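# Chain and residue survey
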Amino acid sequence: MEIIAKAPASCGELIEGSLAGTPFLVTAPISMYATATVSDAFTGIHGLGTKAQEALRRTLAHIGEEAFRFGIRLETEIPQGKGMASSSADIAAVSYAAARAYGRELTAREIMDIAIAIEPSDGIAFAGLSHVSHTTGELFGQYHNIPLLGVSIFDAGGEVDTVAYYQSKGNAGDQDDAYRALLHTVDRAFAVSGAEKERLLGQTATESARRNQQHLEKPELERFITAAQSRGALGVLVAHSGTVVGALWASDLSTAAIDARTHQLAQEFYGTYAFMRQERLISGGVVCEIRA
């Protein structure tokens, strides 16, 4: 028996802010994964960091099991400390796979509850794009039929400790109206289709990125936004509590065209932003495969 659970990374968030005193975000899952494999063909715990091991302990307690009787291995392609949901993906993949080994299929909310008991969570366990509180786990809404926007991911350098960041993040005053407007724009985006949906998502991401500058500044962000949009990007999204910046491209733009425009951006911002990789915006949620 082998259970393979994959949970996606994110390129930051489409939106992150606070509304009526409650922190929230809208997820931006991408096609990078943490993969947990549970098997009765090997033993021991392999590749699990501190948070993933805590997730395993909490999952066993949640399903009423005292000990883990299988082998488990965690592999990931998601860098840590960049705001790409590395810990959230690790926790989601490990929790789902471990519970499934005992015949339990955890819901996204159960996974989220396990995650936020450890640290604020990006909400990538929920399907679609999710509007969720990353501190309480409350799900406010979900958006489906996600356009496969291209995402060119750049890194401003360094690392951000998520727990320490949220503990120290200050209050920039009452911005409820601004964040309601951003959420309304996302609602409008998913009420339409095609190019208009994608344009509105790019607009929303860019405005939220600009607003986050007062919390965690990205160097030369405005110049990067202008440069990306001049090359046809829909907008720019950021890791609001991390170091990555992503240029968003229309889903029907060819990979070759995205490659060429990304290369131009990488050259122009050499020394400020390091190009990491190119991915696609996808639906969130854990994907599981079971092999006999």
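Residues numbered from 1 in each chain as written. Predicted model: local features only at pLDDT ≥ 70, side-chain atom pairs only at ≥ 80, totals over all residues. Heavy atoms only, no water.

## Examining the nonpolar core
Side chains of nonpolar character tend, in soluble globular proteins, to be buried together. Core analysis: the biggest nonpolar cluster contains 73 residues, and I15 and F68 have the highest contact counts within it. The residues that make up this core include at least three from each of domain 1 (2-142 + 283-291) and domain 2 (150-280). The residues contacting I15, other than those within four sequence positions of it, are F24, L25, V26, Y179, L182, L183, V186, T204, S208 and H240. Counting residues in hydrophobic clusters, the runner-up holds 20 residues, among them A209, I225, I258 and F269. (Core = buried A, V, L, I, M, F, W, Y, C linked by side-chain atoms within 4.5 Å. Buried < 20%, exposed > 50% of the residue type's maximum accessible area, 1.4 Å probe, protein only. Domains from an automatic or database assignment. Contact = heavy atoms within 4.5 Å.)

## Details of unusual backbone geometry
The phi angle of most residues is negative, glycine excepted, and most peptide bonds adopt the trans form. Phi is positive for A85, close to 65°, though the residue is something other than glycine. Here A85 lies in the loop between β4 (71-76) and α2 (86-100). On the basis of relative accessibility, which here comes to 4%, the residue A85 falls in the buried class. Although it is not a glycine, E220 sits at a positive phi angle of roughly 55°. Position of E220 relative to the elements: it lies in the loop between α6 (194-211) and α7 (221-230). Exposure remark for E220: the relative accessible area of 37% places this residue in the partly exposed category. (Helix = DSSP H or I, 4+ residues; strand = E, 2+ residues; numbered from the N terminus.)

## A closer look at the domain arrangement of the protein chain
One can read the domain layout of the protein chain as domain 1 (2-142 + 283-291) and domain 2 (150-280). Each of domain 1 and domain 2 was reduced to a C-alpha centroid, and the two centroids are 23 Å apart. Counting residues at the interface gives 29 residues for domain 1, matched by 35 residues for domain 2. Taking both sides of the interface into account, the surface hidden between domain 1 and domain 2 amounts to around 2,500 Å²; carbon and sulfur atoms contribute 64%. Between R277 and E77 there is a salt bridge whose closest N-O contact spans 3.3 Å. Between domain 1 and domain 2 we count 12 residue pairs in polar contact (both at pLDDT 80 or more) in total. When residues of the side of domain 1 that touches domain 2 are traced back to their parent elements, those giving at least two are β1 (2-19), β2 (22-39) and β5 (129-132). Ranked by the residues each element gives to the side of domain 1 that touches domain 2, the list is headed by β1, at nine residues. Residue classes in the side of domain 1 that touches domain 2 are distributed as 15 nonpolar, nine polar and five charged. (Buried area = accessible area lost by both parts, 1.4 Å probe. Salt bridge = Lys/Arg side-chain N within 4 Å of Asp/Glu carboxyl O. Polar contact = N/O pair within 3.5 Å; in protein donor to acceptor, adjacent residues only side chain to side chain. Nonpolar A, V, L, I, M, F, W, Y, C, P; charged D, E, K, R; others polar.)

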